Amino acid sequence: MKNSIKNLSVFVCICTVMTLLLALTNTVTAPIILENQNASANKALLEVMPDGTGFEAVALEDYTLPATVTEAYRETSGLGYVVKLATAGYGPDMVIMCGVDSSGVVTGAVCLSSNETLSKEKTYGENFINKDAAAIDAVDTIGGATKTTAAYKNAVKDALNTAIILGGGSVDVRTEEQILADNLAAALPQGEGEFEKTFLVEELENIDAVYYAENESGYVFVIGEQYVGALADGTVLTEDVENADAITDAAALIQSTVIEEIDITAYPDLTKTVVSAKKTETGNYIVETKGAGYGIKGGNEYHPASGEYIIVRVSMTADGKIIDCLTVSEAETDGLGDACASESFYGQFVGKTEENYTEIDAISGATMTTDGYKQAIERAFAAVKTLSGGEA
Amino acid sequence: MKNNNSLSVLTNGILKENPVLVLVLGTCPTLATTTTVSGAIGMGLAALVVLLCSNIFISLLRKIIPETMRIPCYIVIIAGFVTVVKMLVQAFFPGLYEVLGVYLDLITVNCIILGRAEMFANKNTVVVSALDGIGMGLGFTLALGAMATVREVFGAASFAGIAIPLLEEYKIEFLTKAPGGLLVYGLLIALVYALTKGCAPVKKSFSCSGCANASTCRMGECANREKEGNN
Amino acid sequence: MEELRLLIVILLSAVFVDNYVLCRFLGICPFLGVSKKLNQSVGMGVAVTLVMLIATAVTWPIQCYVLDTLGLGYLQNILFILIIATLVQMLEMLLKKLSPSLYKGLGVYLPLITTNCAVLGVTINNIIDGYSFVESMVSSLGCGLGFLLAMVLFSGIRSRINEANIPTPFRGLAVTLIAASFISLAFMGFGGIIENIFA
């Protein structure tokens, strides 16, 4: 018994001595370790703001910032801000760190992690150094990586906006979709925020686009920068509209349009190129045509066998002027050719005729998709010619 | 075991009883930290410091530490010095700390240190124990360095972080990965055997004396138990 | 659901991708030492799994509620290894008393576990990785099972090695290590699979 007490006390003594030794070492090393950790945390920040001396994290919840911002740091001597952003390029989750000085100029940008296929985004940030908000769009794109480039540029723009907001200024941080949604909702509150773009089948003078409320309460007409709301019965809600009568007429025209299906089997020339064709009471045609694009499967040159077509819906006057255009389906490469399904591409065909429809901006990096699309449009012109000629 | 010729105690650890290549102790850090030469040397030196301190301390207290409580005492002493070294490395060599990570903590259970405490330090005087610690530590460091040199030079075409341009095209990246470590270790042991023509007591298998666990399982009992286990 | 998925990923990663023995080199000594026979391998593997689970169950709360709250993080190493040593001793005594037959099977390997770096490694790694208690337990289970799997696989290979005609310098440990290298190579094939299956 006495022996084991003695043994135990020796053990306890050794434990105490070691603990004291540890506590002593800890008091010496703890501040140095903390300093090291801070220094290494700041290292990434220094990379995008080389002149920075110290950084402190900004509480994001105090500000309304772009949705992509995940972290923000204020340079303690007032040089500017470092913003960390998460955005989606070709793959998901591209993390970008961007430094912005107090005058709104980028001091550095790096891509911390990404799933991009080309990995050129790793050094792409260097191109933004010393650029301000106005110069961002002019920065060279990454060849063959349109989406990545766009995401990167938007992230840098978001970082610049964040710096302005954190500096006390105010910036519209809404995305284009949000701005559109807000404008539509303001023009027609009855629509309850649910709008869809109308595929036009009649020529509407001066009107750029029409959106209909999904609850069928009315329409919003886009005329230049102006958004004009009109109820289903044609009552124009927006004040200060120059030709309210024209709007009322347009609303009536859209609703009264009678569309008649055309049996394309009666036209043996068209069955291979045209999916469907319709005609309005007013003599306009709506045709859906096929074009052979790049095809997503196997990278074959054409895919008539597998049926991988670009299908385009075109409305057109009988004399061959495109009223509206829409991509119904496509099977093009993600991140490149699939841009043909975006309005910024197919919107270019509106108002074009057979003479000038080829004068559009091609999708960069997707020549075959662009050619396939033009082929579909060309077939639409041919179809309308046949259909209208057949009737005459 | 007892050798009071200080020089031979020192060289024993480096050559004849090299802990890694001959006694085959401390295999875990040997394999895990030898992807880069700097990491391996850092690990070796950290272990050397712990080994030296624990050997001195245990040798000093060898008359005080009660026989029955010796293993817990050794463990506390070793774990204490490991933490001290870990904190110092973290404070003054943060880069190395990042490379070694959890393996620094695991020096605590490095067979070599507990093994030397049990087999040497508690039977010898302070000076000889210190020499033994240095010798064993150096042997460990050198073996780690040698293995890391093979792995880094041929696996990553660099030496201690300095790129070797000639080998850039021919690097065998496999060597820097886990299987490469095992392979190089196996080949080195075979090489040492071939060079010494079997004079060095390469363990044909793990027996009690080669196993650092021997210290915790009260010498010899381990072998008996293993026999029991076979039944 | 998301949590369950994470737990499965942790478990399978610990068994296959980050296998403690073959990829992280923890617990190599018993892996090489006690894998000569299948029954030994299973006994050692089960004993290690058991100790890992109990050790994690004890060390995690101590780290979180005692060391972290008191700012005594530097005692982690000493405390953990003492806890493991004590647990192993207690488990050994308990087994001896309660189930002599189980003791005969497992007890033999228990004393060897104290200095098994895989056990200390898994307890410390759980803290470093910032796992919650449940995640830590799952990770420990995975590591133990991974160890068991590696031991069982390797014992099969070793029985073949014994029958092979090997050049003298390679006999014994050298060829064992090279064989281990090939299993490790096979395990590298699991890299990235687990995350992708459940992505």
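J.: Explain the overall build of chain C here, please?
T.: Helix and strand counts for chain C stand at 10 helices and zero strands. Counted from the first residue to the last, chain C has its helices and strands arranged as α-α-α-α-α-α-α-α-α-α. Relative to its full complement of 199 residues, chain C shows a buried share of 51%. Partitioning the contacts of chain C with sequence separation of at least 6, the portion at a separation of at least 24 is 78%.

J.: Hey, could you run me through the pairing of strand E3 (residues 80-87) of chain A in this one?
T.: When a strand is regular, its side chains alternate between the sheet's two faces. Residues and elements named next belong to chain A. For E3, a buried count of seven out of eight residues is recorded, marking the element as mostly surrounded by other parts of the structure. Taken together, the eight bridges between E3 and strand E4 (residues 94-101) define a ladder with antiparallel strand orientation. The residue bridging Val-82 from the neighbouring strand is Gly-99, located in E4.

J.: Quick question: what am I supposed to make of the sheet that holds strand E7 (residues 209-213) of chain A here?
T.: What links the strands of a sheet is backbone hydrogen bonding, and the strands pair in either a parallel or an antiparallel sense. All names here are of chain A. One open sheet holds the four strands; their spatial order is E6-E7-E8-E9, and the pairing between them is antiparallel. This sheet does not close on itself; its edge strands, each paired only once, are strand E6 (195-197) and strand E9 (226-231). Strand-to-strand twist of the sheet, defined as the mean angle between neighbouring strand axes without regard to direction, takes the value 25°. Pairing of E6 with E7, which is carried by three bridges, proceeds in the antiparallel orientation.

J.: For this particular structure, what's the right way to read helix H4 (residues 70-92) of chain B?
T.: Side chains three or four residues apart in an α-helix point the same way, a direct result of the helix having 3.6 residues per turn. Under the 1.5 Å per step criterion, the end-to-end length of H4(B) is 33 Å for 23 residues, consistent within 8% with the ideal 33 Å. For H4(B), a buried count of 21 out of 23 residues is recorded, marking the element as mostly surrounded by other parts of the structure.

J.: I keep staring at the packing of H4(B) against helix H4 (residues 76-98) of chain C and nothing clicks. Help me out?
T.: When two helices pack together, their arrangement is given by the angle between the helix axes and the distance between those axes. Interhelical geometry of H4(B) versus H4(C) gives an angle of 155° and a closest axis separation of 8 Å. Considering the angle they form, H4(B) stands roughly antiparallel to H4(C). The hand of the H4(B)/H4(C) crossing is right-handed. When H4(B) is examined against H4(C), the residues Pro72(B), Ile75(B), Val76(B), Ala79(B), Gly80(B), Val82(B) and Thr83(B) are found in contact with a partner set consisting of Asn77(C), Ile78(C), Ile81(C), Leu82(C) and Ala85(C). In terms of residue class, the contact of H4(B) with H4(C) is built from nine nonpolar, three polar and no charged.

J.: Hey, could you run me through the environment of Gly101(B) in this one?
T.: Residue and element names in this part refer to chain B. The topology assignment puts Gly-101 in the loop between helix H5 (94-100) and helix H6 (102-105). On the neighbour-count criterion, Gly-101 (15 C-beta atoms within 10 Å) is partly exposed. For the pair Gly-101 and Gln-90, spaced 11 residues apart in sequence, the C-alpha to C-alpha distance is 9.7 Å.

J.: What exactly am I supposed to notice about the interface of chain C and chain B here?
T.: Interface size is commonly expressed as the accessible area that is lost once the parts come together. Of the residues lining the interface, 45 residues belong to chain C; the matching set on chain B comes to 47 residues. Only helix H2 (28-33), helix H3 (38-70), H4, helix H6 (110-113), helix H7 (117-128) and helix H9 (173-188) of chain C provide two or more residues apiece to the side of chain C that touches chain B. It is H9(C) that contributes the most residues to the side of chain C that touches chain B, 11 residues altogether. Of the residues assigned to the side of chain C that touches chain B, the class counts are 30 nonpolar, 11 polar and four charged.

J.: What's the story with H7(C) in this structure? I'm lost.
T.: If you check H7(C), its first and last C-alpha atoms are 16 Å apart, about what 12 residues at 1.5 Å a residue would give, namely 16 Å. With respect to burial, H7(C) is a largely interior element, 11 of its 12 residues being buried. Buried residues along H7(C) sit in contact with helix H2 (27-32) and H6 of chain B together with H3, H4, H6 and helix H8 (133-163) of chain C. Positive phi appears at Gly130(C), one or two residues downstream of H7(C), with a value of about 70°.

J.: Explanation requested: the nonpolar core in the structure shown.
T.: Judged by nonpolar contacts, the single largest core of 130 residues is most densely connected at Val50(B), Ile77(B), Ile78(B) and Val119(C). It is H4(B) that contributes the most residues to this core, 15 residues altogether. The next biggest cluster of nonpolar side chains, apart from the first, holds 52 residues, and it includes Leu200(A), Leu204(A), Val314(A) and Ile322(A).

J.: I tried to follow unusual backbone geometry on my own but got confused; where do I start?
T.: Keep in mind that most residues, glycine aside, have a negative phi and that most peptide bonds are trans. Residues and elements named next belong to chain A. For Asn-130, which is not glycine, the phi torsion reads 65° and is therefore positive. By the secondary structure assignment, Asn-130 is in the loop between helix H2 (121-124) and helix H3 (146-166). Residues other than glycine seldom take positive phi values, yet Glu-216 does so here, at roughly 60°. Topologically, Glu-216 is positioned in the loop between E7 and strand E8 (218-223).

J.: Mind showing me how you'd approach the pairing of strand E12 (residues 285-291) of chain A here?
T.: Residue and element names in this part refer to chain A. Counting buried positions along E12 yields seven of seven residues, so the element is predominantly enclosed. What you see with E12 is no split at all: Tyr-285, Val-287, Thr-289 and Gly-291 on one side and Ile-286, Glu-288 and Lys-290 on the other are buried throughout. Both strand E11 (residues 274-280) and E12 contribute to a ladder of five bridges, which runs antiparallel. Within E12, the position partnered with Lys-278 by the bridge is Ile-286. Between E11 and E12, which pair antiparallel in sequence order, lie four residues; one of them, Gly-283, sits at a positive phi of approximately 95°. In this sheet, strand E13 (residues 310-316) lies alongside E12 in antiparallel orientation, the contact comprising seven bridges. The residue bridging Gly-291 from the neighbouring strand is Ile-310, located in E13.

J.: Explanation requested: the sheet that holds strand E10 (residues 259-262) of chain A in the structure shown.
T.: All names here are of chain A. The strand order across the open sheet formed by five strands is E10-E11-E12-E13-E14, and the pairing between neighbours is antiparallel. Lying at the two open borders of the sheet, with one neighbouring strand each, are E10 and strand E14 (322-329). Each strand of the sheet is rotated relative to its neighbour by a mean of 25°, with strand direction disregarded. Strand direction decides the pairing type here: E10 and E11, joined by four bridges, are antiparallel. Within E11, the position partnered with Ile-259 by the bridge is Thr-280.

J.: What am I meant to see in the confidence of the model for chain A here?
T.: Detailed conclusions should not be drawn from predicted coordinates in areas where pLDDT is low. Residue and element names in this part refer to chain A. Residues at a pLDDT of 70 or more form 90% of chain A, whose mean pLDDT is 80. Per-element confidence in chain A ranges from a low mean pLDDT of 75 for H2 to a high of 88 for E13. Ignoring residues within four places in sequence, the model shows residues 297-303, a span with pLDDT below 50, making seven contacts including any to other chains.

Calculation criteria
- Residues numbered from 1 in each chain as written.
- Chains lettered and ligands numbered in written order.
- Predicted model: local features only at pLDDT ≥ 70, side-chain atom pairs only at ≥ 80, totals over all residues.
- Helix = DSSP H or I, 4+ residues; strand = E, 2+ residues; numbered from the N terminus.
- Buried ≥ 20, exposed ≤ 12 C-beta atoms within 10 Å, placed from the backbone.
- Contact = placed C-beta atoms within 7 Å.
- Pairing = 2+ DSSP bridges.
- Axes fitted to C-alpha atoms, helices over the stretch in contact; angles between N-to-C directions.
- Expected span 1.5 Å × (residues − 1).
- Parallel < 35°, antiparallel > 145°, perpendicular 65-115°, else oblique.
- Left-handed = near helix turned anticlockwise from the far one by under 90°.
- Nonpolar A, V, L, I, M, F, W, Y, C, P; charged D, E, K, R; others polar.
- Core = buried A, V, L, I, M, F, W, Y, C linked by C-beta atoms within 7 Å.
- pLDDT = per-residue confidence, 0-100.

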